[in-house]
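Remarks on the overall topology
Listed below, chain by chain, are the residues.
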Amino acid sequence: MTTDPVAALVDVAVPSVDRAWTAEAVRRIRADQTRSADTHLVKLAMPPGWQVDLYVKDESTHPTGSLKHRLARSLFLHALCTGWIGPDTTVIEASSGSTAVSEAYFAQMIGVRFVAVMARSTSAAKIALIEREGGVCHLVDDPSTVYDVARQLAERSGGFYLDQFTFAERATDWRGNNNIAESIFDQMAAEPHPVPSWVVVGAGTGGTSATIGRFTRYRGVDTRVCVVDPERSVFLPSYSGRPAPTELGSRIEGIGRPRVEPSFLPSVVDRMLGVPDAASAAAMGFLAERLGRRMGPSTGTSFYGALRLACEMRAQDRAGSIVLLGCDPADRYRDSFGDQEWLIAHDLDPRPYRALVEQAWESGQWPG
Ligand SMILES: *Cc1c(COP(=O)(O)O)cnc(C)c1O
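Residues numbered from 1 in each chain as written. Predicted model: local features only at pLDDT ≥ 70, side-chain atom pairs only at ≥ 80, totals over all residues. Heavy atoms only, no water.

Per an unreviewed UniProt entry, the chain carries the name L-cysteine desulfhydrase Cds1 and comes from Candidatus Avipropionibacterium avicola.

**With respect to the nonpolar core**
Formally: Each nonpolar core is a collection of buried residues, namely Ala, Val, Leu, Ile, Met, Phe, Trp, Tyr and Cys, held together in the definition by side-chain atoms within 4.5 Å. Accessible area is worked out with a 1.4 Å probe on protein chains only. A residue is then buried under 20% of its type maximum, exposed over 50%, and partly exposed in between. Secondary structure elements are defined from DSSP: runs of H or I of at least 4 residues count as helices, runs of E of at least 2 residues count as strands, and each element is numbered from the N terminus. Should any heavy atoms of two residues lie within 4.5 Å, those residues are considered in contact.
If you look at the biggest cluster of nonpolar residues, it comprises 34 residues, and the most contacted ones within it are Phe-76 and Ile-85. Contributing elements (two or more residues each) for this core: α1 (19-35), α2 (68-82), α3 (98-110), β4 (114-119), α4 (124-132) and α6 (164-171). Those residues within four positions of Ile-85 in sequence are excluded, and the remaining contacts are Val-17, Trp-21, Phe-76, Ala-79, Leu-80, Val-91, Val-112, Phe-160 and Leu-162. Residues Val-228, Ala-279, Leu-287 and Ala-360 belong to the second largest nonpolar core, which totals 33 residues.

**Re the side chain of Gln-164**
Following the sequence through the fold, Gln-164 ends up in helix α6. For Gln-164, the residues in contact, after removing those within four places along its chain, are Lys-68, Leu-71, Leu-75, Glu-93, Ala-94, Ser-95, Thr-99, Thr-205 and Ser-263.

**Comments concerning the pattern of salt bridges**
The condition that has to hold: Note on definitions: salt bridges are taken to be side-chain nitrogens of Lys or Arg within 4 Å of carboxyl oxygens of Asp or Glu.
This structure, assessed with the given rule, holds 26 salt bridges. Several salt bridges converge on common partners, so that one network encompasses Asp-38, Lys-57, Glu-59 and Arg-70.

**A look at the site of the ligand**
Stated precisely, the cut-off is as follows: Distances are taken per atom, and a residue is near a molecule or strand as soon as one of its heavy atoms is within 4 Å of it. What qualifies as a polar contact is a pair of N or O atoms within 3.5 Å, subject to a donor-acceptor requirement within protein and to the restriction that residues adjacent in sequence count only when both atoms come from side chains. We get accessible surface area from the Shrake-Rupley algorithm with a probe of 1.4 Å; when it comes to residues, only the shown protein chains can shield them. In this classification, Asp, Glu, Lys and Arg are treated as charged, Ala, Val, Leu, Ile, Met, Phe, Trp, Tyr, Cys and Pro as nonpolar, and every other residue, Gly included, as polar.
Taken together, 15 residues sit near the ligand, with Lys-68, Gly-204, Thr-205, Thr-208 and Ser-298 positioned nearest. Contact between the ligand and Gly-206: an oxygen atom at 2.8 Å from a main-chain N or O atom of the residue. Contact with the protein chains hides 97% of the accessible area of the ligand, taken as 380 Å² for the molecule alone. Split by residue class, the shell around the ligand holds four nonpolar, eight polar and three charged.

**Examining the packing of helix α10 (residues 277-291) against helix α11 (residues 297-315)**
Note the threshold: Angles shown run from 0 to 180 degrees and are taken between the N-to-C directions of axes, each axis being a line fitted to C-alpha atoms and, for helices, limited to the stretch in contact. Each angle is binned into one of four classes, with values under 35 degrees roughly parallel, values over 145 roughly antiparallel, values of 65 to 115 roughly perpendicular, and all other values oblique.
The interhelical angle for the contact between α10 and α11, taken along N-to-C directions, is 95 degrees, at an axis separation of 7 Å. With respect to α11, the element α10 is oriented roughly perpendicular. Counted together, Ala-279, Ser-280, Ala-283, Met-284, Phe-286 and Leu-287 of α10 and Pro-297, Thr-299, Gly-300, Thr-301, Phe-303 and Tyr-304 of α11 form the full contact between these two elements. Broken down by class, the residue content of the contact of α10 with α11 amounts to eight nonpolar, four polar and no charged.

**Structural notes on unusual backbone geometry**
The phi torsion at Asn-177 lies on the positive side, around 60 degrees, for a residue other than glycine. Counting through the fold element by element, Asn-177 comes out in the loop between α6 and α7 (180-187).

**Remarks on α7**
Burial analysis of α7 places six of its eight residues in the buried class, the great majority of the element. For α7, the complete set of buried residues consists of Ile-180, Ala-181, Glu-182, Ser-183, Ile-184 and Phe-185. The elements touched by buried residues of α7 are β1 (41-43), β2 (52-58), α2, α8 (207-219) and β10 (320-326). Capping the start of α7 is the job of one residue whose side-chain oxygen sits 2.8 Å from the backbone nitrogen of Ala-181: Asn-179.

Pasting the structure below:
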């Protein structure tokens, strides 16, 4: 059998999203980045006697007020450049709030509709922020259904489910491109201990710890990643090979999940610390006084873990530096973690932990 060489070439073109539209959408998002300054790496003034320096990477100063600004930008660029979003696509996300605020901002910027699927318990303030950015909130009674509802809405409407919990770890350029890890290491360059012994962060999607953990290996630096985990989260139990304890959601917004998210990569996490929620509240209050910036509860969780690690280094007579992530501002929690009465009413009395934090801070020794 002979083959016609001309007819043997198979030529198929599937219409893709209008390239000029994609180019303009990408340009708008990159222009937003170009207009933005980097976030501050703030050094904490320590009492005398410490050879360990603590730094807070303050992610609250992004245009949409949290580290989710970076994630939302990465998710949109990833989806646009993969051809998943076009001018008529409704973008849908499952979120506990902050991601949706940032994604609504970028959706409006490129002129596509945005729907956030969230638990009915989401604070009115968060809902107002999303709506201010032109987003629509779709509230569900059972928080564990947000993923399925988002996927179904996308299927039914021909929309696109952005899926932060799957794509966070791969939408970010972990080798560089001014990702959060590169930014931290660049900003540490002129410090006495420019290579931090630890970077401390919580995990929501797990994307931030994945980026930092991969980056430290790529650069070959001797920095370890410690993930702090709140109560009611499955990350720490799964990391230590124990069964997951809970169906209840985490009370520390942004971190701690009821399921092990695909973007959480335990292989790049060197250590995990489980932090009681009342300790996060105490640490949040203490840090606000020392830092002169009021950060949210997940930053309190990270500060509590960082202080513990700092005491450990001091006990070993090691000098060095520790960087913790400041993820969002306290003003989003005025009626919850920022309110002493609310804390007591929710069985989160911070006072015993406040005493512990003060003692550790002044003495350099972790009690017990
Ligand atoms: C998302 C979030 C985190 C954790 O970041 P991930 O990269 O999703 O693991 C921490 N704190 C707050 C307030 C967040 O919104």
